[in-house]
Amino acid sequence: MVATVKVWDPLVRVFHWGLVACFAVAWISADTWEDMHEVSGYIAAALIAFRLLWGLIGPRYARFTQFLRRPTEVVAYLSDILKGRERRYIGHNPAGAAMILVLLLFMTGTALTGWLYTTSMFWGSDWVEEMHEFLANSLLVLVGLHVAGVVLASIRHQESLVRAMVSGRKRRPAGNDVN
């Protein structure tokens with residue numbers, strides 16, 4: 001039996017999988033079920049607002065101060081990935097943390113432009129609609145990169161990050177792992 005530690009609390013995990021579900025529903029319903037599309041966008045916006053608050057007051061691994069890194073650290077970590085010598089992080093690694101930030105920004109922009117499009121001031125505005133679609137399409141690419149990073153880290157560190165995001169637990173730190 002492998003010894004584990006609690007990393008991601010239930011609220012972080014509900015946020016993560018809830019946002020995944022909202023994005024999938026919004027994407028699928030975009031041109032077909034307008035009400036479902038809007039509701040999933042509003043739920044996504046509420047989830048993001050919660051996550052921003054939880055990133056300030058939540059437990060250790062939920063806090064932005066625990067996992068956000070300077071750009072130089074992210075670049076160094078990406079370089080280490082290319083060299084096959086990246087360290088294992090108990091929380092989010094620098095590349096994962098940067099991806100979280102980018103995903104939150106793009107998802108916020110998508111929700112904001114979606115809402116703007118429903119207002120009388122921007123109803124029918126081409127630039128708002130185009131920006132909304134650009135952000136949503138960009139999110140597809142970002143999600144693909146995120147999933148690829150999760151798969152790579154899972155293989156390299158021999159632990160399922162998907163299982164960890166379901167259970168909240170990861171293998172205990174050892175050697176030169178970053179706690």
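Above this note sits the structure.
Let us look at the structure shown here. (Residues numbered from 1 in each chain as written. Predicted model: local features only at pLDDT ≥ 70, side-chain atom pairs only at ≥ 80, totals over all residues. Heavy atoms only, no water.)

### Points about the side chain of threonine 119
Looking at the element boundaries, threonine 119 is found in the loop between helix H5 (94–118) and helix H6 (126–156). Among the polar contacts listed, one links the side chain of threonine 119 to the backbone oxygen of leucine 116, at a separation of 2.6 Å. (Helix = DSSP H or I, 4+ residues; strand = E, 2+ residues; numbered from the N terminus. Polar contact = N/O pair within 3.5 Å; in protein donor to acceptor, adjacent residues only side chain to side chain.)

### Re a nonpolar patch on the surface
On the surface, a cluster of nonpolar side chains totalling about 580 Å² of accessible area is made up of Val25, Trp27, Ile28, Trp33, Met36 and Leu140. Structurally, tryptophan 33 is set in the loop between helix H1 (10–29) and helix H2 (34–57). A residue is classified by how much of its surface remains accessible, and tryptophan 33, at 46% relative accessible area, is partly exposed. (Patch = residues over 30% accessible without salt bridge, like charges linked within 9 Å, V, L, I, M, F, W, Y side chains within 5 Å. Areas by Shrake-Rupley, 256 points an atom, 1.4 Å probe, with all protein chains shown as cover. Salt bridge = Lys/Arg side-chain N within 4 Å of Asp/Glu carboxyl O. Buried < 20%, exposed > 50% of the residue type's maximum accessible area, 1.4 Å probe, protein only.)

### A short note on the packing of H1 against H2
Remark: H1 packs on H2, axes separated minimally by 8 Å, with the N-to-C direction vectors making an angle of 155°. For the element pair H1 / H2, the angle class is roughly antiparallel. Crossing handedness for the pair H1 and H2: left-handed. Listed contacts from H2 to Leu11, Val12, Phe15, Gly18, Leu19, Cys22, Val25, Ala26 and Ser29 of H1 are Glu34, Met36, His37, Ser40, Ile43, Ala44, Leu47, Ile48, Phe50, Arg51 and Trp54. A breakdown of the residues in the contact of H1 with H2 according to their chemical character gives 14 nonpolar, 4 polar and 2 charged. (Axes fitted to C-alpha atoms, helices over the stretch in contact; angles between N-to-C directions. Parallel < 35°, antiparallel > 145°, perpendicular 65-115°, else oblique. Left-handed = near helix turned anticlockwise from the far one by under 90°. Contact = heavy atoms within 4.5 Å. Nonpolar A, V, L, I, M, F, W, Y, C, P; charged D, E, K, R; others polar.)

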